[in-house]
Amino acid sequence: MFVSLEGPDGVGKTTQAALLAERLRAEGCEVVQCREPGGTELGERARALLLDPAVTMGDRAEALLFAAARAELTQEVIAPALDRGAWIVCDRFIDSSLVYQGLGRGLGVEPIRDVSLFATGGILPARTLVLHGVDRRDDEPDRMEAAGANFHARVAEGFLELVALAPDRVRLVDARGGESEVAARIWAALEGLQP
Ligand code: TYD
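Since this is a predicted model, take the numbers as computed values, not measurements.

Asks: Help me out: how do you make sense of the environment of K13 in this one?
Replies: The topology assignment puts K13 in helix α1 (residues 13–26). Between the alpha carbons of K13 and R45 there is a distance of 22 Å; along the sequence they are 32 residues apart.

What follows is the structure, given as structure tokens:
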């Protein structure tokens, strides 16, 4: 079963991905945790380039690099894990590209979806949980985080629009409150898929 966690920077996805993986393991499931961009040699190197504030990059090159990292992660990690029946909990996936590159950069949702589906060979999460409602960013901004307030406002709004784009797959999860409260909401949003 393939699940992705999404949301704006600093919404607490990474903590929640770890808690979800822990819960699934406690239920006896094999869980593969991954993050995007990253999770492979190519993906981690692409990540270093993508987040480095010293690297100048056009919007299209940025979109294609994210897609290349996704292609590699899907081929090396996600597809084999799906084949053996494992759970995959991925911190960001295709929807981050739809929102950050499609809406934030203004490249358009349709072309970015096409590029991303080409990258994954059509593989999509069974469910995508979009966390929203808080901003816990506290570290030095990376290249994406430094993209400006208007960009991040478009991103935050874009995440809320995702449900309308893919209502069968995407669920909004309120990320306000304590970690275990949010974890319980995430578990509830997996309704129908839980082991
Ligand atoms: P990361 O440190 O993983 O951010 P976070 O901890 O908030 O998840 O950095 C990933 C950054 O890259 C983040 O700003 C979102 C952005 N991103 C895109 O713009 N497009 C994408 O397709 C993906 C996967 C991430």
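Asks: Please explain the environment of V109 as it appears in this structure.
Replies: As for its position among the elements, V109 is in helix α5 (residues 109–120). Look at V109 and you get buried, because its relative accessible area is 15%. Through-space distance from the C-alpha of V109 to that of L98 is 5.3 Å; in sequence the pair is 11 residues apart. Once you skip the residues sitting within four places of it in the chain, V109 turns out to touch L98, G102, L103 and L165.

Asks: Which parts of the structure should I look at to understand the site of the ligand?
Replies: Of all residues adjacent to the ligand, which total 14 residues, the nearest are D9, K13, R92, S97 and Q101. For the ligand, a nitrogen atom lies 2.8 Å from a polar atom in the side chain of Q101. Contact with the protein chains covers 91% of the free accessible surface of the ligand, which is 540 Å². When atoms are counted within 2 Å of each cavity's grid points, the one that captures over half of the ligand is the largest pocket. At the level of elements, α2 (41–51), α3 (59–83) and α4 (94–104) are the ones that each hand at least two residues to the shell around the ligand. The leading source of residues in the shell around the ligand is α4, at four residues. Its residues assigned to classes, the shell around the ligand shows four nonpolar, four polar and six charged.

Calculation criteria
- Residues numbered from 1 in each chain as written.
- Predicted model: local features only at pLDDT ≥ 70, side-chain atom pairs only at ≥ 80, totals over all residues.
- Heavy atoms only, no water.
- Helix = DSSP H or I, 4+ residues; strand = E, 2+ residues; numbered from the N terminus.
- Buried < 20%, exposed > 50% of the residue type's maximum accessible area, 1.4 Å probe, protein only.
- Contact = heavy atoms within 4.5 Å.
- Near = heavy atom within 4 Å.
- Polar contact = N/O pair within 3.5 Å; in protein donor to acceptor, adjacent residues only side chain to side chain.
- Areas by Shrake-Rupley, 256 points an atom, 1.4 Å probe, with all protein chains shown as cover.
- 1 Å grid on protein atoms, 1.4 Å probe; cavity = no way out; pocket = protein on both sides within 12 Å on 5 of 7 lines; lining within 4 Å.
- Sits in = over half its atoms within 2 Å of the grid points.
- Nonpolar A, V, L, I, M, F, W, Y, C, P; charged D, E, K, R; others polar.

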